[in-house]
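The lines below spell out each chain.
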Amino acid sequence: MSVNQGKTDISVWDKEEALSRLMDSPALLDEACSIFVEESEQQLPSMEKQLANADYAALAREAHKMKGSAGNLAALELHQQALTLEQAAKQEAADQAAAALADIKEGLARFYAQLTH
């Protein structure tokens, strides 16, 4: 994966901040983004299943993990969305968790678009 050289939407992804966190190494940023994409592609179906099974503890843990990964990459929108999901899961608020998970799906699509833009 090669992270785009174009301009990113900072509300979705602060690429410059992510780069600075990785010693200003584009290669490290590419690798970190690739790992995030792989992990998130596994996390999303897992979170959907956890929500469907009302396994709120597991859902909160998975959302927390995504929140941390998104935060490390300065994926600001996803970080906030994962925080919202984590909080909803901790409160066992099914409707809020479902809405937050839908937001994450959209946020992931926007983040992926920033990577390939």
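Definitions and limits used
- Residues numbered from 1 in each chain as written.
- Predicted model: local features only at pLDDT ≥ 70, side-chain atom pairs only at ≥ 80, totals over all residues.
- Heavy atoms only, no water.
- UniProt positions renumbered as here; feature names shortened; annotations may be inferred.
- Helix = DSSP H or I, 4+ residues; strand = E, 2+ residues; numbered from the N terminus.
- Buried < 20%, exposed > 50% of the residue type's maximum accessible area, 1.4 Å probe, protein only.
- Axes fitted to C-alpha atoms, helices over the stretch in contact; angles between N-to-C directions.
- Parallel < 35°, antiparallel > 145°, perpendicular 65-115°, else oblique.
- Left-handed = near helix turned anticlockwise from the far one by under 90°.
- Contact = heavy atoms within 4.5 Å.
- Nonpolar A, V, L, I, M, F, W, Y, C, P; charged D, E, K, R; others polar.
- Phe/Tyr/Trp six-rings, centres within 6.5 Å; stacked < 30°, edge-to-face > 60°.
- Salt bridge = Lys/Arg side-chain N within 4 Å of Asp/Glu carboxyl O.

- As annotated in an unreviewed UniProt entry, the chain carries the name Hpt domain-containing protein and comes from Salinivibrio kushneri.

**Concerning the UniProt feature "modified residue: Phosphohistidine" (unreviewed entry) in the chain**
Here's step 1: What UniProt calls "modified residue: Phosphohistidine" (unreviewed entry) maps, in this numbering, to His64.
Here's step 2: Mapped onto the secondary structure, His64 falls in helix α3 (residues 56-72).
Here's step 3: We classify His64 as partly exposed; its relative accessible area is 43%.

**Quick notes on the packing of helix α2 (residues 26-52) against helix α5 (residues 94-116)**
Here's step 1: Taken N-terminus to C-terminus, the directions of α2 and α5 make an angle of 160 degrees; their axes are 11 Å apart at the nearest point. Looking at the two axes, α2 sits roughly antiparallel to α5. Note that α2 runs across α5; the crossing there is left-handed. Where α2 abuts α5, its residues Cys33, Phe36, Val37, Ser40, Glu41, Leu44, Met47, Glu48 and Leu51 lie against Ala94, Ala97, Ala98, Leu101, Ile104, Lys105, Leu108, Phe111, Tyr112 and Leu115.
Here's step 2: When grouped by side-chain class, the residues that make up the contact of α2 with α5 number 15 nonpolar, 1 polar and 3 charged.

**Observations regarding the packing of aromatic side chains**
Here's step 1: All told, the structure shown has 2 aromatic pairs when counted by the stated rule.
Here's step 2: A centroid spacing of 5.4 Å and a plane angle of 80 degrees characterise the contact between Phe36 and Phe111, whose relative ring orientation is edge-to-face. Of the two residues, Phe36 is situated in helix α2 and Phe111 in helix α5; the sequence distance between them amounts to 75 residues.
Here's step 3: Through pairs of rings, three or more aromatic residues link up here, namely Trp13, Phe36 and Phe111.

**Quick notes on the pattern of salt bridges**
Here's step 1: Counted according to the given criterion, the structure contains 5 salt bridges.
Here's step 2: When the shortest N-O distance is used, the salt bridge between Arg21 and Glu17 registers 2.8 Å. Of this pair, Arg21 and Glu17 both sit in helix α1 (residues 15-21), 4 residues apart, roughly one helical turn.
Here's step 3: For the salt bridge of Arg110 with Glu77, the shortest nitrogen-to-oxygen distance reads 2.8 Å. Highlighted residues: Arg110 in helix α5 and Glu77 in helix α4 (residues 76-90), separated in sequence by 33 residues.
Here's step 4: Connected via shared salt-bridge partners are Lys67, Glu86 and Lys90.

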